[in-house]
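If you want the building blocks of each chain, they are given just below.
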Amino acid sequence: MPVRKPEGVVQQEAQAALARWDQAVAAAGGGSAFVAVGVLTIMTGDWGPDPQFGNNGKIALMAGDFEAAIRLPSDTPPDGQVRWQDGGTRTVGMISAQQAFADVKAEGSGSCPECVPLRVTGAQLTTAEFQTGRGSATAPAWEFTLAGTDTRIQHLAAARLVKVVPPTYDQNDPPQGISIRSATSTSGGLVLTVSFEGAPEDAGGTCGSDYTAQAIESSTAVVAIVTEHPHSGLPGACSAVGAIRTAGATLSKPLGDRAVLEVTQGMPVSVVLTP
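Fair warning: this is a prediction, and the values are worked out from it, not measured in the lab.

**A closer look at the sheet that holds strand β11 (residues 209–217)**
- Overall, mixed pairing links the three strands, which are arranged β11-β12-β14 in an open sheet. Each of the sheet's edge strands pairs with one partner strand only, and the pair in question is β11 and β14 (259–262). Taken over all neighbouring pairs, the strand axes of this sheet differ in orientation by 30° on average, direction set aside.
- Alignment of strand β12 (residues 221–230) against β14, held across four bridges, turns out to be parallel. Bridge pairing in β14 places A224 opposite E262.

Structure below.
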């Protein structure tokens, strides 16, 4: 269950997250940068009937243990298009197959001495579903074929992504703010509704909690701080099972193109804007 930190500390974390995001946006080219959320590489297909190959493949994939069996294209394709579920589109620059391959390797842990490297035997441009700062979208992707399996690896092919590096984890002082999962708002509205895991509502009971949210804003992003207000349950007398909760934060101006960040790591979450 989330642990409440002193309000001042969490606000400092929010300001630090905004500073990191502002720097990442500038490094990616400013307001034209593209915000992807979560994983940039996805796996499709089946590893095949050999369980040993499948086990090796999954571990090698997580480690980024790949090798190219062919010369991958180094030329940059023409601009591609991202298409959201509401019909909205955006033109994005692209990366080469070589760059996508390097990115896939870099995403792994880099440590798998017992793995047999996955051999890339082909690359083609396709499209795949990715999460973005404005919800799920179909976006250009480089698809890599692997020797000996029907499994395909697809990597987001959009260039100029906002890539923020979260703070180093400190086990002596771990982040303890309430991390939001997603958010919704309206195009011109001033209320940002955030979703997160918390205590059950337990209306009228003593085991639940109420929640409020606060928005800490910059010109490029909004960090949502969620504060828990526990009911008066006795310690140990209530279930620790979490529930999906929501809370609304008031913005100083409509969200616009700004990203929404969770406070513990300062990473973007998916946002759905409605008219």
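**A short note on the packing of aromatic side chains**
- For the structure on display, the rule yields three aromatic pairs.
- Where F196 meets Y211, the ring centres are 4.9 Å apart and the plane angle is 70°; that geometry is what we call edge-to-face. With F196 in strand β10 (residues 191–198) and Y211 in strand β11, this pair connects stretches of sequence that are 15 residues apart.

**Considering the nonpolar core**
- Grouped together as the largest cluster of nonpolar side chains are 21 residues, with contacts concentrated most on F66, V120, W142, F144 and L146.
- Elements supplying a minimum of two residues to this core: α2 (51–63), α3 (97–107), β6 (118–132) and β7 (135–146).
- By residue number, the principal contributor to this core is α3, which donates four residues.
- In this structure, W142 is in contact with P77, I95, S96, A97, A100, A123, Q124, L125, I153, Q154, H155 and A157, ignoring residues within four places of it in sequence.
- Counting 20 residues, the second largest nonpolar core, distinct from the first, contains L192, A215, A224 and V260.

**Topic: the sheet that holds strand β13 (residues 243–250)**
- Taken together, the four strands give an open sheet; going across it, the order is β13-β10-β9-β15, and neighbouring strands pair in mixed fashion. Where the open sheet ends on each side, the last strands, each with one partner, are β13 and β15 (270–274). Across this sheet, the average inter-strand angle for adjacent strands is 20°, counted without regard to direction.
- Relative to β15, strand β9 (residues 180–186) is paired through five bridges, and the arrangement is parallel. Within the sheet, the bridge partner assigned to S182 lies in β15 and is S270.

**Comments concerning the layout of surface pockets**
- Of the volumes computed, that of the largest pocket is approximately 610 Å³.
- Lining the largest pocket are 26 residues, and of these W84, R90, G133, R134 and D257 sit closest to its centre.
- Here the lining of the largest pocket is built from residues that sort into 11 nonpolar, 10 polar and five charged.
- In this structure, the second largest pocket encloses a volume near 510 Å³.
- Residue lining of the second largest pocket: 24 residues in total, with G38, V39, L40, T41 and E107 positioned closest to the centre.
- Looking at the lining of the second largest pocket, the elements that each hand over two or more residues are β1 (36–37), β2 (41–44), α2 and α3.
- For the lining of the second largest pocket, the leading source of residues is α3, giving four residues.

Thresholds, definitions, all that
Residues numbered from 1 in each chain as written. Predicted model: local features only at pLDDT ≥ 70, side-chain atom pairs only at ≥ 80, totals over all residues. Heavy atoms only, no water. Pairing = 2+ DSSP bridges. Helix = DSSP H or I, 4+ residues; strand = E, 2+ residues; numbered from the N terminus. Axes fitted to C-alpha atoms, helices over the stretch in contact; angles between N-to-C directions. Phe/Tyr/Trp six-rings, centres within 6.5 Å; stacked < 30°, edge-to-face > 60°. Core = buried A, V, L, I, M, F, W, Y, C linked by side-chain atoms within 4.5 Å. Buried < 20%, exposed > 50% of the residue type's maximum accessible area, 1.4 Å probe, protein only. Contact = heavy atoms within 4.5 Å. 1 Å grid on protein atoms, 1.4 Å probe; cavity = no way out; pocket = protein on both sides within 12 Å on 5 of 7 lines; lining within 4 Å. Points joined across faces, edges and corners; volume = space filled by probe spheres on them. Nonpolar A, V, L, I, M, F, W, Y, C, P; charged D, E, K, R; others polar.

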